[in-house]
Amino acid sequence: MLNIALPKGRLGEKVYEMFEAAGYDCPAIKEINRKLVFENEEKGIRFFWVKPSDVSIYVERGAADIGVAGKDILLEYKPNVYELLDLNIGKCRMCVAAKKEFDDRDVSVLKVATKFTSIASDYYAKQGRDIDIIKLNGSIELAPILGLSDVIVDIVETGSTLKENNLEVKATILPISARLIANKVSFKFKGKQIEKIADAMKEQVKNDD
Ligand code: PRP
C-alpha cells in the first residue's frame with residue numbers, strides 16, 4: 001500500500017478530485033464524513049486526511065509516502081522531503097500587511113505578528129531590518145488593529161479579510177501553491193509507483209492562461 005496524506009478541508013477536496021481524475025479514486029471518501037482512512041486495494045493506495053500543516057510531518061517521517069502541502073508550510077518548516085510537482089491549486093500569496101496609514105520608516109524595530117516566524121525572519125533578515133517577532137496562531141489581522149504589532153506577515157487569498165479589517169498589502173513576499181511531496185526513503189524503494197502517480201497528476205494540472 002502506498003500511503004497518501006491529504007490536507008483536510010477545501011484544498012484537500014480539490015486535491016482528491018485530481019487524484020480521482022488521475023485514476024486513483026476511492027469513492028467512499030466522498031460519502032463518509034468523519035472517517036480518516038480510505039483504501040483502494042486494487043490500486044494499492046490508502047488515503048488519509050490530516051491537518052494541512054501536518055502533511056509534511058507525516059511525509060517526512062514516512063507515515064505517508066506522498067502527500068500534498070502548501071509551499072508556505074514547506075518554506076516555514078523546511079521538512080526533509082522531495083517536492084515533486086506544483087499542483088497549481090490553493091494559490092495565494094505570503095504578504096506583509098498593515099493599517100493603510102502605517103509607514104514602516106516611522107519605527108526602528110518593526111513589530112511583526114505572524115504564524116510564519118521563519119518566513120518573516122528570513123524576509124526581514126535579507127533586508128537587514130531589525131524586527132520583534134510575535135508568534136500568533138490565528139486571526140493574525142487583529143494584531144495591528146489592537147496595536148500588538150506594526151505589521152503582519154500572513155497569507156492573502158482574496159484579500160477580503162484585510163479589506164474588512166481596514167488593512168492593506170504593503171509588500172508581497174512570495175506566491176504560494178500546493179505541492180505534491182514525497183518521503184525520500186519511499187521514493188527510493190517505491191519510486192516507480194510514486195513516479196507513475198506523479199506523472200498522472202501532472203496531466204491533471206491546469207496551467208494559467
Ligand atoms: C487565512 C489567512 C487570512 C485569510 C486570508 O486564514 O490567515 O486570515 O485566510 O484569506 P482572504 O485573503 O481570502 O481573506 P485562515 O482562514 O486559514 O484562518 P486563521 O485565522 O486561523 O489563520
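So, how was this worked out
Residues numbered from 1 in each chain as written. Predicted model: local features only at pLDDT ≥ 70, side-chain atom pairs only at ≥ 80, totals over all residues. Heavy atoms only, no water. Salt bridge = Lys/Arg side-chain N within 4 Å of Asp/Glu carboxyl O. Helix = DSSP H or I, 4+ residues; strand = E, 2+ residues; numbered from the N terminus. Pairing = 2+ DSSP bridges. Axes fitted to C-alpha atoms, helices over the stretch in contact; angles between N-to-C directions. Contact = heavy atoms within 4.5 Å. 1 Å grid on protein atoms, 1.4 Å probe; cavity = no way out; pocket = protein on both sides within 12 Å on 5 of 7 lines; lining within 4 Å. Points joined across faces, edges and corners; volume = space filled by probe spheres on them. Nonpolar A, V, L, I, M, F, W, Y, C, P; charged D, E, K, R; others polar.

Caption draft 1: Region of interest: the pattern of salt bridges. Applying the stated criterion across every chain yields a total of 13 salt bridges. The residue D65 makes a salt bridge to K190 at a minimum N-O spacing of 3.1 Å. A residue pair is termed long-range when its members are at least 10 positions apart, and D65 in the loop between α3 (55-60) and β4 (66-70) and K190 in the loop between α8 (184-189) and α9 (191-202) qualify at 125 residues. Across the salt bridge formed by D104 and R129, the nearest N and O atoms sit 3.5 Å from each other.

Caption draft 2: Up close: the sheet that holds strand β6 (residues 92-99). Taken in spatial order, the five strands make up an open sheet running β8-β7-β9-β6-β10, and their pairing is mixed. Where the open sheet ends on each side, the last strands, each with one partner, are β8 (131-135) and β10 (167-176). Within this sheet the neighbouring strands show an average axis-to-axis angle of 25°, counted without direction. Bridge count for strand β7 (residues 110-114) against β8 is five bridges, and the pairing is parallel. Looking at the pairing, A113 lines up with I134 of β8. Taken strand by strand, helix α5 (residues 117-126) contacts β6, β7, β8, β9 (151-156) and β10, and its axis lies near 170° from that of β8.

Caption draft 3: Spatial organisation of the layout of surface pockets. Of the voids in this model, the largest pocket is the one considered here, and its volume is about 1000 Å³. Along the wall of the largest pocket there are 39 residues; nearest its centre are D72, C92, K115, I155 and E157. For the lining of the largest pocket, the elements supplying multiple residues, two or more each, are α1 (10-21), β4, α4 (71-77), β9 and α7 (160-164). Element by element, the count of residues in the lining of the largest pocket is highest for α1, at four residues. What the second largest pocket holds in volume is close to 330 Å³. What lines the second largest pocket is a set of 13 residues, and nearest its centre among them are E13, I29, I32, N33 and W49. It is α1 that provides the largest number of residues to the lining of the second largest pocket, a total of three residues. Of the residues contributing to the lining of the second largest pocket, the split by class is five nonpolar, two polar and six charged.

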